[in-house]
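Observations on chain architecture
Given next are the chains, with one letter for each unit.
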Protein chains: 2
Amino acid sequence: MSEQKISEAIHTLKHAGVRITPQRHAILEHLIQSMSHPTADEIYKALEGKFPNMSVATVYNNLRMFKEVGLVKELTYGDASSRFDCVTTEHYHVICDLCGKIVDFHYPGLDEVESLAESVTGFKIARHRMEIYGVCPDCQTKH
Amino acid sequence: MSEQKISEAIHTLKHAGVRITPQRHAILEHLIQSMSHPTADEIYKALEGKFPNMSVATVYNNLRMFKEVGLVKELTYGDASSRFDCVTTEHYHVICDLCGKIVDFHYPGLDEVESLAESVTGFKIARHRMEIYGVCPDCQTKH
DNA sequence: TATTACTTTATAATCGTTACAATTAGTTTA
DNA sequence: TAAACTAATTGTAACGATTATAAAGTAATA
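Quick look at the structure, then. What you see is a predicted model, and the numbers here were worked out from it, not measured in a lab.

1. Things to note about the overall build of chain A
- A tally of regular secondary structure across chain A gives 6 helices and 5 strands.
- Reading the secondary structure of chain A in the N-to-C direction produces α-α-α-α-β-β-β-β-α-β-α.
- By its C-alpha atoms, chain A is 50 × 45 × 30 Å across when sized along the principal axes.
- Within chain A, the fraction of its 143 residues that count as buried is 43%.
- Within chain A, contacts between residues at least 6 apart in sequence are counted, and of these 48% link residues at least 24 apart.
- A total accessible area of about 8100 Å² is found for chain A, and carbon and sulfur atoms account for 52% of it.
- Of the side chains in chain A, 15 bear a positive and 19 a negative charge, and the two mean positions are spaced by 6 Å.

Written out as structure tokens, the structure is:
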């Protein structure tokens, strides 16, 4: 379960020559254990009990670091804050238009979209992103 | 050509009870004629010759308005500025990782993705977005 | 023409994020 | 284990995109 994911992640970090500070450990743990896709601020608030002196900058610094090492993906949605997602397997996100909830959605990679785009545009395609928007079950019953 | 698109758009606006001010007309014209997907600031700069006193707020206000009427779509990419795209037909965007160029890409709607997401997650799906990233031909030759 | 509502303008404010310099704390070496 | 080295954290200032606000201007309407 998540214990194992955490130690795997820590191993990855050590291998990349990164020190394991208490703050880092806590941010990582929170990212892995929370099944949601928290914003930097949510992580900050969640940990301020344990680390009353932690700076927001630390959260951002480490999230950037995790991203560079490949542990985490940043989900960017326009003006709103970025959300951060622990990379496990490839998946897409389904997002509720009303409450903002994000649900993981597995779908076989759209390789043919990439190859078609490559041949049509002449780009050397590296990746794609897709999000699906709608209203979640909770919000459907409430409205 | 674009003359016709402009008058169509103006008709849509009038029908929605919106006054056609010179600034509005110019912003609309720029959006339709420029084949790119400009940011609010690019529009602002492009028009400051004609309208030395125009405020950025005017650009933002009108872009929001155009969006509400359905003339324009906002493309949001994380921290960077939003880009604005005149709605003509459904299409996706291919984006260069190096220079940021955006190219339109037509692909048959991924209806099956939406319907699968709907059945798997219980969401009532309304739409999706997809972007494809890579390196454009120009940047490929330069690097 | 007077009234009304809508627009624009200029500027201040907001919010997420990053830069910076000073301090603190892991890690390594002796 | 202690000194030395380097990376990480902290607090705060700064930044940039966007929005809010209030005052002034402009079009439409009676």
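Read on, since the account is not over.
2. Notes on the packing of helix α2 (residues 22-33) of chain B against helix α3 (residues 40-47) of chain B
Residues and elements named next belong to chain B.
- Running from N to C, α2 and α3 point in directions that differ by 115°, and their axes come no closer than 10 Å. Taken together, α2 and α3 sit at an angle that is classed as roughly perpendicular. Here the hand of the crossing between α2 and α3 comes out right-handed. Contact with α2, carried on its side by Ala-26, Ile-27, His-30 and Leu-31, involves Ile-43, Ala-46 and Leu-47 of α3 and no other residues of that element.
- Taken together, the residues of the contact of α2 with α3 sort by class into 6 nonpolar, 1 polar and no charged.

3. Description of helix α5 (residues 111-121) of chain A
Residues and elements named next belong to chain A.
- Those residues of α5 that sit buried are Val-113, Glu-114, Ala-117 and Thr-121. Down the axis of α5, the sector holding all buried residues measures 100°, keeping them to one side. With respect to the buried face of α5, the exposed residues turned more than 90 degrees away are Asp-111, Glu-112 and Ser-119.

4. A word on the relation of the copies chain B and chain A
- Rotating chain B by 180° and moving it 0.0 Å along the rotation axis overlays it on chain A with an RMSD of 0.1 Å. What we have between these two chains is a two-fold relation. Distance from the rotation axis, computed per C-alpha, reaches its smallest value in chain B at Met130(B): 2.1 Å.

5. Points about the protein's contact with DNA strand D
- In the vicinity of DNA strand D, 18 residues are found, and the nearest of them are Thr21(A), Arg24(A), Asn53(A), Thr58(A) and Tyr60(B).
- Near the protein, within 4 Å, the atoms of DNA strand D are sugar or phosphate in 80% of cases.
- Within the backbone of Ser55(A), a nitrogen or oxygen atom sits 3.2 Å from a phosphate oxygen of DNA strand D.
- Within the contact set of DNA strand D, a phosphate oxygen lies 3.5 Å away from a side-chain nitrogen or oxygen of Asn62(A).
- Within the residue set of the surface near DNA strand D, elements represented by two or more residues are α2 (22-33) and α4 (56-69) of chain A together with α4 (56-69) of chain B.
- At 4 residues, the largest contribution of residues to the surface near DNA strand D is made by α4(A).
- Looking at the surface near DNA strand D, its residues break down into 5 nonpolar, 9 polar and 4 charged.

About the cut-offs
- Residues numbered from 1 in each chain as written.
- Chains lettered and ligands numbered in written order.
- Predicted model: local features only at pLDDT ≥ 70, side-chain atom pairs only at ≥ 80, totals over all residues.
- Heavy atoms only, no water.
- Helix = DSSP H or I, 4+ residues; strand = E, 2+ residues; numbered from the N terminus.
- Buried < 20%, exposed > 50% of the residue type's maximum accessible area, 1.4 Å probe, protein only.
- Contact = heavy atoms within 4.5 Å.
- Areas by Shrake-Rupley, 256 points an atom, 1.4 Å probe, with all protein chains shown as cover.
- Lys, Arg positive; Asp, Glu negative; His and termini not counted.
- Charge placed at Lys NZ, Arg CZ, Asp CG, Glu CD.
- Axes fitted to C-alpha atoms, helices over the stretch in contact; angles between N-to-C directions.
- Parallel < 35°, antiparallel > 145°, perpendicular 65-115°, else oblique.
- Left-handed = near helix turned anticlockwise from the far one by under 90°.
- Nonpolar A, V, L, I, M, F, W, Y, C, P; charged D, E, K, R; others polar.
- Arc of directions from axis to C-beta.
- Least-squares fit on C-alpha atoms with pLDDT ≥ 70 in both.
- Near = heavy atom within 4 Å.
- Polar contact = N/O pair within 3.5 Å; in protein donor to acceptor, adjacent residues only side chain to side chain.

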